[in-house]
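Commentary on secondary and tertiary structure
In case you want the letters, here they are:
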Amino acid sequence: MRRVRYYENGGPEVLRVEETEVPRPGPGELLVRVEAIGVTLPVTRKVREGGRPLPAGLGGDVAGEVVATGPDVTGFRPGERVTGLCFGDGYADYALLDTSMASRVPDGASATDAVALVRCGLVARGAYEAARPAEGESVLVTGAAGGAGHLAVQIARARGAGRVVAAVGSREKLGFVRSLGADEAVVYGEKSWGDPVDIVLDAVGGDLLSPAVRALAPGGRLVAYSSGGGTLQAYDLLVGAKSAIGFQMALIARHRPDLMEQWRQDLWALYAEGRLRPCVHAELPLEDAVKAHEIMESRTNQGKVVLRPA
């Protein structure tokens with residue numbers, strides 16, 4: 001089978017497609033014939049910035065068909081379609097998926113829809129819930145054209161936000177985010193992001209944190225769920241009694257699997273009702289992993305970038 005790995009840190013050009021043996025599932029693992037792989041910014045950052053022993057594989061969202069199960073696995077069987085987060089070699093024809101990270105793909109949903117919806121949707125839903133929203137409150141989403149951001153816009157609308165503002169990095173994305181149901185759309189560099197909002201869901205971090213806090217109304221809450229880092233000044237929060245909240249999906253997965261499952265079912269219900277539409281910017285063959293990472297690093301994507309092994 002094929003897999004993508006890197007032997008040195010750097011940009012997309014360090015990715016290499018190589019041949020290897022199909023892995024065997026261990027205890028609690030599923031062997032999945034991969035049909036779709038979701039590409040994320042955190043993975044591209046790990047390739048560039050390091051922090052893992054080399055050589056290393058690339059993890060990520062995968063979806064496909066279970067072809068074998070490891071010892072003591074219950075609840076899954078060969079032939080079922082699943083999706084989940086792979087921490088090992090996810091950019092591959094076959095991947096090992098821990099059952100704790102796996103969930104079934106409903107009939108009628110494609111593998112591409114699954115990798116575009118589930119993990120990014122869980123992050124978007126979790127970030128929104130972390131703000132403890134009240135019915136009718138206004139919400140601004142940064143990174144609103146990205147994999148999680150474009151779902152956050154739709155989730156805020158579906159969950160009863162009174163006004164949804166989508167913030168993006170270029171004017172080319174304005175039409176896209178408006179098509180998702182945003183009431184207003186703004187570009188980061190604009191002097192004003194419009195009337196203040198009750199909640200900011202920040203998927204970008206870095207230098208964008210300060211203007212995001214300024215966009216909050218008195219008593220407003222910023223939820224930071226980006227891997228982009230950044231620093232806030234305490235004084236910026238004190239003025240107007242604003243709050244900053246950190247959100248990480250891994251903690252929910254580890255400590256509240258029941259809540260994660262509830263959110264997952266809610267996502268699929270919204271999908272079935274046509275109220276949540278995962279959008280795919282590009283579907284590329286596995287051997288074009290370099291191009292997929294180039295798209296992500298350029299921040300030009302409108303929706304999810306997906307690799308297709310088959």
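Being a predicted model, the structure only gives us computed values, none of them experimental.

1. Some thoughts on the packing of aromatic side chains
Under the definition given, this model contains two aromatic pairs. Ring centres of Y188 and W193 lie 6.4 Å apart, and the angle between their planes is 45°; on these two criteria the pair is classed as tilted. Under the relative-accessibility criterion, W193 is labelled buried at 7%. Measuring from ring centre to ring centre gives 5.3 Å for W268 and Y271, while their planes differ by 90°; the resulting arrangement is edge-to-face. Taken together, the residues W268 and Y271, both in helix α8 (residues 257–272) and three residues apart, mark about one turn of the helix.

2. Comments concerning the sheet that holds strand β14 (residues 243–246)
Spatially, the six strands line up as an open sheet ordered β11-β10-β9-β12-β13-β14, and their pairing is parallel. On the outer flanks of this sheet lie β11 (184–187) and β14, each paired with one strand and no other. Neighbouring strand axes in the sheet, compared pairwise and without regard to direction, differ in orientation by 20° on average. Relative to strand β12 (residues 197–202), strand β9 (residues 138–142) runs parallel, the two being bridged by three bridges. Paired with V139 across the strands is I199, a residue of β12.

3. Description of the pattern of salt bridges
Oppositely charged side chains are able to pair whenever their charged atoms sit close together. Across all of its chains, the model carries 23 salt bridges by this definition. Two residues, R2 and E287, come together in a salt bridge whose shortest N-O distance is 2.9 Å. In this pair, R2 sits in strand β1 (residues 2–6) while E287 sits in the loop between β15 (280–285) and α9 (289–298), placing the two residues 285 residues apart along the sequence. In this structure E287 comes out as partly exposed when scored by relative accessible area, which is 45%. Salt bridges linked by common partners bring R3, R5, E18 and D89 together as one network.

4. A word on the sheet that holds β1
Across the sheet, three strands lie side by side as β2-β1-β4; this open sheet has antiparallel pairing. The sheet terminates laterally at β2 (15–19) and β4 (56–57), the two strands that pair on one side only. Bridge analysis of β1 against β4 gives two bridges, and the strand direction is antiparallel. Paired with R5 across the strands is G57, a residue of β4.

5. Side note on helix α3 (residues 149–158)
Buried residues dominate α3, accounting for eight of its 10 residues. All of the buried residues along α3 are G149, H150, L151, A152, V153, Q154, I155 and A156. At the exit of α3 stands G160, carrying a positive phi of roughly 100°.

6. Thoughts on the nonpolar core
Membership of the largest hydrophobic core comes to 89 residues, with the highest contact counts inside it found for Y91, V177, L201 and L307. Counting residues per element, this core draws most heavily on helix α2 (residues 111–130), at 11 residues. Look past the residues within four positions of Y91 in its chain and what remains in contact with it is R2, R3, V4, I37, V39, V43, L58, G59, L286, A289, H293 and L307.

7. Focus on helix α1 (residues 41–49)
Where α1 is concerned, the buried positions are L41, V43, T44, R45 and V47. Taken together, the buried residues of α1 touch β1, β2 and α9. Note on α1: the residue one or two positions beyond its end, G50, has a positive phi of about 85°.

About the thresholds
Residues numbered from 1 in each chain as written. Predicted model: local features only at pLDDT ≥ 70, side-chain atom pairs only at ≥ 80, totals over all residues. Heavy atoms only, no water. Phe/Tyr/Trp six-rings, centres within 6.5 Å; stacked < 30°, edge-to-face > 60°. Buried < 20%, exposed > 50% of the residue type's maximum accessible area, 1.4 Å probe, protein only. Helix = DSSP H or I, 4+ residues; strand = E, 2+ residues; numbered from the N terminus. Pairing = 2+ DSSP bridges. Axes fitted to C-alpha atoms, helices over the stretch in contact; angles between N-to-C directions. Salt bridge = Lys/Arg side-chain N within 4 Å of Asp/Glu carboxyl O. Core = buried A, V, L, I, M, F, W, Y, C linked by side-chain atoms within 4.5 Å. Contact = heavy atoms within 4.5 Å.

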